[in-house]
Amino acid sequence: MTQARPHRPLRALLAELWQDKPAALGLAVILAIVAMAILAPLVAPYDPADQSILSRLTPPVWNDRGSWEHILGTDNLGRDVFSRLIWGARTTLTIGGLTCLIAAGIGTVVGLWAGFMGGRTDSVLMRLVDIQVSFPGILLILLVVGVLGPGMWTLIIVLSVTNWMVYARLVRSVVSSTRQTPYVEAAEVIGCRPSRVIFVHILPNLVSPLLTLLILEFTNIVLAEAAVSFLGFGVQPPDTSWGLDVASGRDYLFIAWWLVTFPGLAIVATVLSINLFANWLRVTTDPEEREKRHARTVAARRRRRGTA
Amino acid sequence: MTFRVLAMSAGLAALFMSASGGSVSAQAITIAIGSEPSTLDPQLRDDGGERQVNDNIYEALMARTPEGELIEGLAAAAPEQIDETTWQFTLREGVTFHNGAPFNADAVVASVERVIDPENNSEQMAYFGTIAGAEKVDDMTVIILTSGPDPILPSRMYWMKMIDPGYAAEGDLASAPVGTGPYMFESWDRGTELELAAYPDYWGGEPEIDEVTYRFVPEPGTRLSGLMAGEFDVITNLLPEFTSTVPKFAAVPGLETSVFVLGTDNEVTQDPKVREALNLAIDREAMVQALFMGYASIAKGTHVNPAAFGFNDDLDYYDYDPERARALIEEADAVGAPLVVVGESGRWLKDREQIEAVAAYWAETGLDVTTDIQEFSQYLDSLMGDGPRPDAIFIANSNELLDADRETSFIYHMDGAAASNSDAEMAEMIDEARVETDEDARQALYDEILKRAHDRNYTVPLFNLQDIYGMSERMEWQPRTDAKLIISEMSVSE
């Protein structure tokens, strides 16, 4: 199916993206945030760990008490909120991105295998998933952190290990229903090797549900990372992450809204942008959805021409 | 057994109904506390939530005034020391337990024996380690025996709650307590709330507030919004920033002192110059003003509470001298040397902020500082376990007995659970002070111990923290130095 699609140069793809304004905006925001995270040392006005206790809880610049020195104000130890936002992007994106990729990788492999083989393999693998689901995540985190010590990489490993099951379940259900479809059966009948059936005929069906799930899970991971870091399992000071800043700022919500609001907005902006872009990507990668979209645009064009 | 308890609480409830039915304006208040009691047995656990409730249900032989002075409680007078290891208490007449049983020498003997019984494995033995037993002299006189000379036995007896031996044998102490205090247990809806009602026959007179509901709210923000919404009358551990937001608040110098214990045998911190630099690098004044809005005072050269016996008044504050600190680190050839700061988050007032702030100050001296915020049980293991001592570990140390012995044995004595030094000479002095019965000689010993630890920078003392309570408009209450929530001292104006 994928091979049926004509080869498109990048320019054509970008033009297609430009048709969908929200998606284009989403991609722009994602790229901006990623660039910000990569270039953090150059962009951030201050060291995120630089504290000045006496000027703590300074509000953002547009407030009466604010100043241009700290555009988004300072936090509960007098650290620059804007700089922490920029540096926090690094940690948050690394943890969120890598965890989602690793968890999705493990989950997809297990799900594909279970769904395709069926029978006893399926039962064994799915019971494994059930066991892992029923095992309390926090206990596993405690165990792993106890052995490896807290830190960003421990966190990525632990969160991947506690979050892959949902992918496995999703992939397995899609695979086992796709196996029954005529074109898969046909492919098997004419003697395609299993690997070809899996990668060419089944995997493309997984792209859009997996993308949707990945984005939902990214939000979950960001929040889980915040909770775990706040307890002391995860990111250690002076490093920071958006979630950690939200968690440690919530006690001050009544008097200093900017501690929670800006990292919170950063999380929202990231997740929303990914969502908008992913929505376009999902349609673009799914042949059936592509057809429908094309038909809609053509119909709309005709209507406009008709009324004009 | 369950039936008996039910019958008994029904009986108590009936008693309460008949008592309060007559009064026109029954007054009820709601208090939000941070943690739910793990049990209501007053003698087994060392649990703050349990104490916040049971301090109103039970009493001890000795008590303290709100300012912290030791006075008689269930004892009729201060105890008489007969010889080095024997103390005689005369008991107050006319005291009864909530179930009607009389309070007498048998109750005292049973209470003492129950706490120190090794089979009960009471966590409170940290306070009662020297007590060897109790003997009845006559119905209203009792002697308490100690294993060695123990100058602070009266303070210890302020901590030991008295139970009814009859009820202890057949009742359910853990979930339906019966004491002699001004309030009696009404109901406990686990996970939600706990209710107490005034005890009409209390020997000190019936308290003003008739009914108390405790709610368990771990989140400070939730406690605050509950207070603002009028749901709670008293909340504990109010953040200093919110003193201007709440209808009413009260602050009182508390029992807790925050301190970093330095590992004097560790590679970097074994150098006295490094330890001195760590003490000089912190701008404590700025932290008090900004972080605590003035609701804390700088610890005067030691983590021993200034209200405790044995506090050395002559110690100096550690200066803030970042230049000198940097110079000392350079002299010690420790620039870039790794220093690991261990701490926890969420247990004490602004703990994480203190740890992060101090770590940042230390990083300015040129050391390579890493912070390790640990999960609480893991932290406790770092603090008191057998593993290697951390370079620096944070603790907000509390001194309930208001005597220097607890703080010095815990943090200065080389065999102490949270100590990180190997100063045998100082350990000897601490052992000596513990059993010295002459007050002046004992004070002199503590002066020397605290001076020695101060000069050698064994710890980095930070602040004597204040306890801040938020209150609704109608509450009248002056909080106590010992942080006990004594409801009979509160009143409501309407």
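How each quantity is defined
Residues numbered from 1 in each chain as written. Chains lettered and ligands numbered in written order. Predicted model: local features only at pLDDT ≥ 70, side-chain atom pairs only at ≥ 80, totals over all residues. Heavy atoms only, no water. Helix = DSSP H or I, 4+ residues; strand = E, 2+ residues; numbered from the N terminus. Rg over C-alpha atoms; globule rule 2.2 N^0.38 Å. Buried < 20%, exposed > 50% of the residue type's maximum accessible area, 1.4 Å probe, protein only. Areas by Shrake-Rupley, 256 points an atom, 1.4 Å probe, with all protein chains shown as cover. Lys, Arg positive; Asp, Glu negative; His and termini not counted. Charge placed at Lys NZ, Arg CZ, Asp CG, Glu CD. Patch = residues over 30% accessible without salt bridge, like charges linked within 9 Å, V, L, I, M, F, W, Y side chains within 5 Å. Salt bridge = Lys/Arg side-chain N within 4 Å of Asp/Glu carboxyl O. Axes fitted to C-alpha atoms, helices over the stretch in contact; angles between N-to-C directions. Left-handed = near helix turned anticlockwise from the far one by under 90°. Contact = heavy atoms within 4.5 Å. Nonpolar A, V, L, I, M, F, W, Y, C, P; charged D, E, K, R; others polar. Buried area = accessible area lost by both parts, 1.4 Å probe. Polar contact = N/O pair within 3.5 Å; in protein donor to acceptor, adjacent residues only side chain to side chain. UniProt positions renumbered as here; feature names shortened; annotations may be inferred. Pairing = 2+ DSSP bridges. Expected span 1.5 Å × (residues − 1). Core = buried A, V, L, I, M, F, W, Y, C linked by side-chain atoms within 4.5 Å. Domains from an automatic or database assignment.

### Regarding the overall build of chain B
Reasoning step 1: A tally of helices and strands in chain B yields 15 helices and 19 strands.
Reasoning step 2: On C-alpha atoms alone, chain B measures out to a radius of gyration of 24 Å, which is about the 23 Å that the 2.2 N^0.38 rule sets for 494 residues.
Reasoning step 3: On the principal axes, the C-alpha backbone points of chain B span a range of 75 × 55 × 35 Å.
Reasoning step 4: Within chain B, the fraction of its 494 residues that count as buried is 59%.
Reasoning step 5: Per element, the accessible surface of chain B, about 18700 Å² overall, is 48% carbon and sulfur.
Reasoning step 6: In chain B, the 32 positive side-chain charges and the 89 negative ones have mean positions that sit 2 Å from each other.

### Describing a nonpolar patch on the surface
Residue and element names in this part refer to chain A.
Reasoning step 1: On the surface, a nonpolar cluster with roughly 500 Å² of combined accessible area is contributed by Phe135, Ile138, Leu139, Leu142, Leu143 and Leu231.
Reasoning step 2: With four residues, the top contributor of residues to the nonpolar patch is helix 6 (residues 137-148).
Reasoning step 3: Considering the arrangement of structural elements, one finds Leu231 in helix 10 (residues 194-231).

### A short note on the packing of helix 5 (residues 119-134) of chain A against helix 8 (residues 165-178) of chain A
Residue and element names in this part refer to chain A.
Reasoning step 1: Across the interface, helix 5 lies against helix 8 with an axial gap of 10 Å and an inter-helix angle of 145 degrees. When you trace helix 5 past helix 8, the crossing you get is left-handed. Contacts between helix 5 and helix 8 involve Asp122, Met126, Val129, Asp130, Gln132 and Val133 on the former and, on the latter, Met165, Ala168, Arg169 and Arg172.
Reasoning step 2: Looking at the contact of helix 5 with helix 8 residue by residue, the class counts come to five nonpolar, one polar and four charged.

### Some details on the packing of helix 4 (residues 81-117) of chain A against helix 7 (residues 152-163) of chain A
All names here are of chain A.
Reasoning step 1: It is the contact of helix 4 with helix 7, at a shortest axis distance of 8 Å, that shows an interaxial angle of 35 degrees. The chirality of how helix 4 crosses helix 7 is right-handed. Of the residues in helix 7, those touching helix 4 at Thr91, Thr94, Ile95, Leu98, Thr99, Ile102 and Ala103 are Met152, Trp153, Leu155, Ile156, Leu159, Ser160 and Asn163.
Reasoning step 2: Of the residues contributing to the contact of helix 4 with helix 7, the split by class is nine nonpolar, five polar and no charged.

### Quick notes on the interface of chain B and chain A
Reasoning step 1: Counting residues at the interface gives 27 residues for chain B and 24 residues for chain A.
Reasoning step 2: Buried surface at the junction of chain B and chain A, both sides included, amounts to about 2200 Å², of which 58% is carbon and sulfur.
Reasoning step 3: Summed over the shared surface of chain B and chain A, the number is three salt bridges.
Reasoning step 4: Residues B:Glu356 and A:Arg79 are paired through a salt bridge, measuring 2.6 Å at the closest nitrogen-oxygen approach.
Reasoning step 5: Counting the contacts that link chain B with chain A gives eight residue pairs in polar contact (both at pLDDT 80 or more).
Reasoning step 6: The set of elements that each furnish at least two residues to the side of chain B that touches chain A consists of helix 7 (220-228), helix 9 (284-291), helix 11 (351-363) and strand 15 (368-373) of chain B.
Reasoning step 7: With six residues, helix 11 of chain B is the single largest residue contributor to the side of chain B that touches chain A.
Reasoning step 8: Looking at side-chain class alone, the side of chain B that touches chain A contains 13 nonpolar, six polar and eight charged residues.

### Examining the environment of B:Met140
Residues and elements named next belong to chain B.
Reasoning step 1: With respect to the helices and strands, Met140 occurs in the loop between strand 6 (131-138) and strand 7 (141-146).
Reasoning step 2: Taking relative accessible area as the criterion, Met140 reaches 17% and is therefore assigned buried.
Reasoning step 3: Along the chain, Met140 and Phe89 lie 51 residues apart, while their C-alpha atoms are 8.4 Å from each other.
Reasoning step 4: Among all residues touching Met140, those that are not within four sequence positions of it are Phe89, Thr90, Leu91, Arg92, Glu93, Phe103 and Asn104.

### What about the UniProt feature "transmembrane region" (unreviewed entry) in chain A?
Residues and elements named next belong to chain A.
Reasoning step 1: In the numbering used here, UniProt assigns the "transmembrane region" (unreviewed entry) feature to residues 23-46, 93-116, 136-162, 210-235 and 255-278.
Reasoning step 2: Segment residues 93-116 splits into 100% helix and 0% strand. End C-alpha atoms: 33 Å apart.
Reasoning step 3: Spanning residues 136-162, this segment combines 85% helix with 0% strand, and its end C-alpha atoms are found 9 Å apart.

### So, the sheet that holds strand 4 (residues 80-83) of chain B
Residue and element names in this part refer to chain B.
Reasoning step 1: Strand order across the open sheet formed by four strands is 4-5-7-6, with antiparallel pairing between neighbours. The sheet is open, and its two borders are formed by strand 4 and strand 6, each paired with just one other strand. Taken pair by pair, the neighbouring strands of this sheet meet at an average axis angle of 25 degrees, ignoring direction.
Reasoning step 2: Here strand 6 runs beside strand 7; their pairing, made up of six bridges, is antiparallel. Across the sheet, residue Asp138 finds its bridge partner in strand 7, namely Thr141.
Reasoning step 3: Strands in contact with helix 3 (residues 105-116) are strand 6 and strand 7; relative to strand 6, the strand with the most contacts, it is inclined by about 165 degrees.

### Topic: helix 6 of chain A
Reasoning step 1: With 12 residues, helix 6 of chain A should reach 16 Å at 1.5 Å per residue; the first-to-last C-alpha distance of 16 Å fits that figure.
Reasoning step 2: A positive backbone phi angle near 85 degrees is found at A:Gly149, which sits one or two residues after helix 6 of chain A.

### Focus: the pairing of strand 7 of chain B
Residues and elements named next belong to chain B.
Reasoning step 1: Of all six residues in strand 7, five are buried; the element is thus mostly enclosed.
Reasoning step 2: Direction of pairing for strand 5 (residues 86-90) relative to strand 7: antiparallel, over a ladder of five bridges. When the sheet's bridge partners are listed, Thr90 is paired in strand 7 with Thr141.
Reasoning step 3: Where strand 6 folds back on strand 7, the antiparallel hairpin that results is connected by two residues.

### Some remarks on the nonpolar core
Within soluble globular proteins, side chains that are nonpolar generally end up buried alongside one another.
Residues and elements named next belong to chain B.
Reasoning step 1: By size, the foremost hydrophobic cluster in this structure holds 85 residues, and its most contacted members are Phe260, Trp362 and Leu367.
Reasoning step 2: A per-element tally of this core places helix 11 first, with six residues.
Reasoning step 3: Among the domains, domain 1 (1-57 + 181-247 + 472-494) and domain 3 (252-466) are the pair contributing at least three residues each to this core.
Reasoning step 4: If near-sequence neighbours (up to four positions away) are discounted, Trp362 is found in contact with Phe260, Leu262, Leu278, Ala281, Ile282, Leu339, Val341, Leu367, Val369, Ala392 and Val460.
Reasoning step 5: In terms of nonpolar packing, the next biggest core, distinct from the first, is built from 66 residues, Ile31, Ile33, Val53 and Phe185 among them.

### Quick word on the pairing of strand 9 (residues 193-198) of chain B
Residue and element names in this part refer to chain B.
Reasoning step 1: Within strand 9, five of the six residues are buried, which leaves it mostly tucked inside the rest of the structure.
Reasoning step 2: Two elements, strand 8 (residues 183-189) and strand 9, share six bridges in a ladder whose sense is antiparallel. Of the residues in strand 9, the one forming a bridge with Met184 is Ala197.
Reasoning step 3: Linking strand 8 back to strand 9 in an antiparallel pair, the connection comprises three residues, with Gly191 at a positive phi of about 85 degrees.
Reasoning step 4: Judged from the five bridges that link them, strand 9 and strand 10 (residues 211-216) form a sheet pairing that is antiparallel. Across the sheet, residue Ala197 finds its bridge partner in strand 10, namely Glu211.

### Comments concerning the environment of B:Tyr318
Residue and element names in this part refer to chain B.
Reasoning step 1: Assignment of secondary structure puts Tyr318 in the loop between strand 13 (296-298) and helix 10 (322-331).
Reasoning step 2: When its relative accessible area of 13% is taken as the criterion, Tyr318 is described as buried.
Reasoning step 3: Here the alpha-carbon distance between Tyr318 and Thr302, two residues 16 residues apart in the chain, equals 9.4 Å.
Reasoning step 4: Aside from chain neighbours lying at most four places away, what touches Tyr318 is Asn279, Arg284, Gly301, Ala453, His454, Asn457, Thr459 and Pro461.
Reasoning step 5: Polar side-chain contacts of Tyr318 include one of 2.8 Å to the backbone oxygen of His454.

### Re the domain arrangement of chain B
Residues and elements named next belong to chain B.
Reasoning step 1: Per the domain assignment, the segments making up chain B are domain 1 (1-57 + 181-247 + 472-494), domain 2 (59-171) and domain 3 (252-466).
Reasoning step 2: Spacing between the C-alpha centres of domain 1 and domain 3 amounts to 35 Å.
Reasoning step 3: Taken together, the contacts link 11 residues of domain 1 with 11 residues of domain 3.
Reasoning step 4: Buried area between domain 1 and domain 3, summed over both chains or domains, comes out near 860 Å², and the portion from carbon and sulfur atoms is 68%.
Reasoning step 5: The largest contributions to the domain 1 side of the interface with domain 3 come from Pro240, Glu241 and Thr481, which together make up 53% of the buried area.
Reasoning step 6: Where domain 1 meets domain 3, there are two salt bridges.
Reasoning step 7: With a shortest N-O distance of 2.5 Å, Lys350 and Glu241 are connected by a salt bridge.
Reasoning step 8: Counting every contact that joins domain 1 to domain 3 gives one residue pair in polar contact (both at pLDDT 80 or more).
Reasoning step 9: Along the lines of polarity and charge, the residues of the side of domain 1 that touches domain 3 split into four nonpolar, three polar and four charged.

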